[in-house]
Amino acid sequence: MDKGIRRIAGVVMMVAGVALAGWLVFGAPHDWEGNVRLVKMAMGLAATGMITGGARLIFWQPAEQPSGAAREAGVG
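Residues numbered from 1 in each chain as written. Predicted model: local features only at pLDDT ≥ 70, side-chain atom pairs only at ≥ 80, totals over all residues. Heavy atoms only, no water.

### A short note on the overall build of the chain
At step 1: Within the chain one finds three helices and zero strands.
At step 2: Walking the chain from its N terminus toward its C terminus, one meets helices and strands in the order α-α-α.
At step 3: For the chain, buried positions account for 12% of its 76 residues.
At step 4: A total of about 5700 Å² of accessible surface is found on the chain, and carbon and sulfur atoms cover 67% of it. (Helix = DSSP H or I, 4+ residues; strand = E, 2+ residues; numbered from the N terminus. Buried < 20%, exposed > 50% of the residue type's maximum accessible area, 1.4 Å probe, protein only. Areas by Shrake-Rupley, 256 points an atom, 1.4 Å probe, with all protein chains shown as cover.)

Pasting the structure below:
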């Protein structure tokens, strides 16, 4: 995947995750009870995963390529 497309997809995923998290905190009904509370918790975990996945897409580093600092130090 092209680096630019991967970063755009990462930004889109992070924005969607932050929007979902913001809705859960400020917009979702706070009187949800029973099993719906578990759905709200699962949605919060999904938002956290979306933010993490977006950051991984933006700052993706293949395992076989050393980072710039390691390359300058002669490691790898």
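### Some details on helix 2 (residues 35-58)
Residue pairs three or four apart in sequence face the same way in an α-helix, which turns once every 3.6 residues.
At step 1: End to end, helix 2 covers 35 Å across 24 residues, agreeing with the expected 34 Å (1.5 Å per residue, within 8%).
At step 2: Among all positions in helix 2, only Ala 47, Gly 54 and Ile 58 are buried.
At step 3: The inward-facing, buried residues of helix 2 contact helix 1 (3-27). (Expected span 1.5 Å × (residues − 1). Contact = heavy atoms within 4.5 Å.)

### Structural notes on a nonpolar patch on the surface
At step 1: There is a patch of nonpolar side chains on the surface, built from Leu 38, Met 41 and Leu 45 and spanning about 330 Å² of accessible area.
At step 2: The residue Leu 38 is located in helix 2 in this model. (Patch = residues over 30% accessible without salt bridge, like charges linked within 9 Å, V, L, I, M, F, W, Y side chains within 5 Å. Salt bridge = Lys/Arg side-chain N within 4 Å of Asp/Glu carboxyl O.)

### Some points on the packing of helix 1 against helix 2
At step 1: Put simply, helix 1 and helix 2 touch, their axes get as near as 7 Å, and they point 155 degrees apart. The angle between helix 1 and helix 2 places the two elements in the roughly antiparallel class. Note that helix 1 runs across helix 2; the crossing there is left-handed.
At step 2: When the residues that make up the contact of helix 1 with helix 2 are grouped by side-chain class, the tally is 17 nonpolar, five polar and three charged. (Axes fitted to C-alpha atoms, helices over the stretch in contact; angles between N-to-C directions. Parallel < 35°, antiparallel > 145°, perpendicular 65-115°, else oblique. Left-handed = near helix turned anticlockwise from the far one by under 90°. Nonpolar A, V, L, I, M, F, W, Y, C, P; charged D, E, K, R; others polar.)

### Focus: the packing of aromatic side chains
At step 1: On inspection of all chains with the given rule, the structure shows one aromatic pair.
At step 2: The residue whose ring lies beneath Lys 40 is Trp 32, and the NZ or CZ to ring-centre distance is 5.8 Å. (Phe/Tyr/Trp six-rings, centres within 6.5 Å; stacked < 30°, edge-to-face > 60°. Lys NZ or Arg CZ within 6 Å of the ring centre and 35° of its normal.)

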